[in-house]
Amino acid sequence: DDEAESLYRQAWNLEQGQGVDQDLAAARKLYGQAADKGHVVSMIRLGLMLQNARGGLRDARKAAEWYRKAALRGDRQGMHNLAWMLAEDRGIEKDE
């Protein structure tokens, strides 16, 4: 999706401060919009921002949800990040 890719690129530039002033809150918002459109890399970037309180409050549960969504699409980084959060008991509930 071209729109999702464009949102991702804008978010990346804002997160990194490339060509624009760094704005983590705006980056997080744009990653969320791209992730909602199914952009897998944005799901990971948003998860990282949520997990590490970049651009807003920390929310491990939402981070895990985005990692899970990426993992279900076959993304290895999503699988890895979700597994790490589960193994380290980082604020999410494990299935019994």
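For the structure, check the block above.
Source: prediction; values computed, not measured.

Here we take up helix 5 (residues 76–87). For helix 5, with 12 residues, the first-to-last C-alpha span of 16 Å sits near the 16 Å given by 1.5 Å per residue. Listing the buried residues of helix 5 in full gives Gly78, Asn81, Leu82 and Met85. Looking straight down helix 5, one finds that the buried residues subtend no more than 95 degrees of arc, so they occupy a single side. Turned more than 90 degrees from where helix 5 packs its buried face, Arg76 and Ala87 sit exposed.

For the rest of this paragraph, the subject is the packing of helix 1 (residues 2–16) against helix 2 (residues 24–36). Contact geometry for helix 1 and helix 2: axes closest at 8 Å, N-to-C directions at 160 degrees. Taken together, helix 1 and helix 2 sit at an angle that is classed as roughly antiparallel. Crossing geometry of helix 1 relative to helix 2 is assigned as left-handed. Only Leu24, Ala26, Ala27, Leu30, Tyr31, Gln33 and Ala34 of helix 2 make contact with helix 1, whose side of the interface consists of Ala4, Leu7, Tyr8, Gln10, Ala11, Trp12, Leu14 and Glu15. Taken together, the residues of the contact of helix 1 with helix 2 sort by class into 12 nonpolar, two polar and one charged.

Turning our attention to the packing of helix 3 (residues 40–51) against helix 5. Where helix 3 contacts helix 5, the two axes come as close as 10 Å, and the packing angle between them is 25 degrees. Put simply, helix 3 runs roughly parallel to helix 5. The hand of the helix 3/helix 5 crossing is left-handed. Of the residues in helix 5, those touching helix 3 at Ile44, Leu48 and Gln51 are Gln77, Gly78, Asn81, Trp84 and Met85. Partitioned by chemical class, the residues of the contact of helix 3 with helix 5 number four nonpolar, four polar and no charged.

Taken as a whole and assessed by the stated rule, the structure comprises four salt bridges. Residue glutamate 3 is joined to lysine 37 by a salt bridge in which the shortest nitrogen-to-oxygen separation is 3.5 Å. In this pair, glutamate 3 is assigned in helix 1 and lysine 37 in the loop between helix 2 and helix 3, connecting sequence segments 34 residues apart. The exposure class of glutamate 3 is partly exposed, given its relative accessible area of 47%. When the shortest N-O distance is used, the salt bridge between glutamate 15 and arginine 45 registers 2.6 Å. Taken together, the residues span a long stretch of sequence, with glutamate 15 in helix 1 and arginine 45 in helix 3 at a distance of 30 residues. One salt-bridge network, held together by shared partners, links Glu15, Arg45 and Arg54.

Counting 22 residues, the largest nonpolar core has Tyr31, Leu46, Trp66, Tyr67 and Met85 as the members making the most contacts within it. Mapped onto this core, the elements with two or more residues apiece are helix 1, helix 2, helix 3, helix 4 (60–72) and helix 5. The biggest single contributor to this core is helix 4, with six residues. Dropping the residues within four chain positions of it, leucine 46 is found in contact with Arg28, Tyr31, Gly32, Ala35 and Trp66.

Reading the values: the criteria
- Residues numbered from 1 in each chain as written.
- Predicted model: local features only at pLDDT ≥ 70, side-chain atom pairs only at ≥ 80, totals over all residues.
- Heavy atoms only, no water.
- Helix = DSSP H or I, 4+ residues; strand = E, 2+ residues; numbered from the N terminus.
- Expected span 1.5 Å × (residues − 1).
- Buried < 20%, exposed > 50% of the residue type's maximum accessible area, 1.4 Å probe, protein only.
- Arc of directions from axis to C-beta.
- Axes fitted to C-alpha atoms, helices over the stretch in contact; angles between N-to-C directions.
- Parallel < 35°, antiparallel > 145°, perpendicular 65-115°, else oblique.
- Left-handed = near helix turned anticlockwise from the far one by under 90°.
- Contact = heavy atoms within 4.5 Å.
- Nonpolar A, V, L, I, M, F, W, Y, C, P; charged D, E, K, R; others polar.
- Salt bridge = Lys/Arg side-chain N within 4 Å of Asp/Glu carboxyl O.
- Core = buried A, V, L, I, M, F, W, Y, C linked by side-chain atoms within 4.5 Å.

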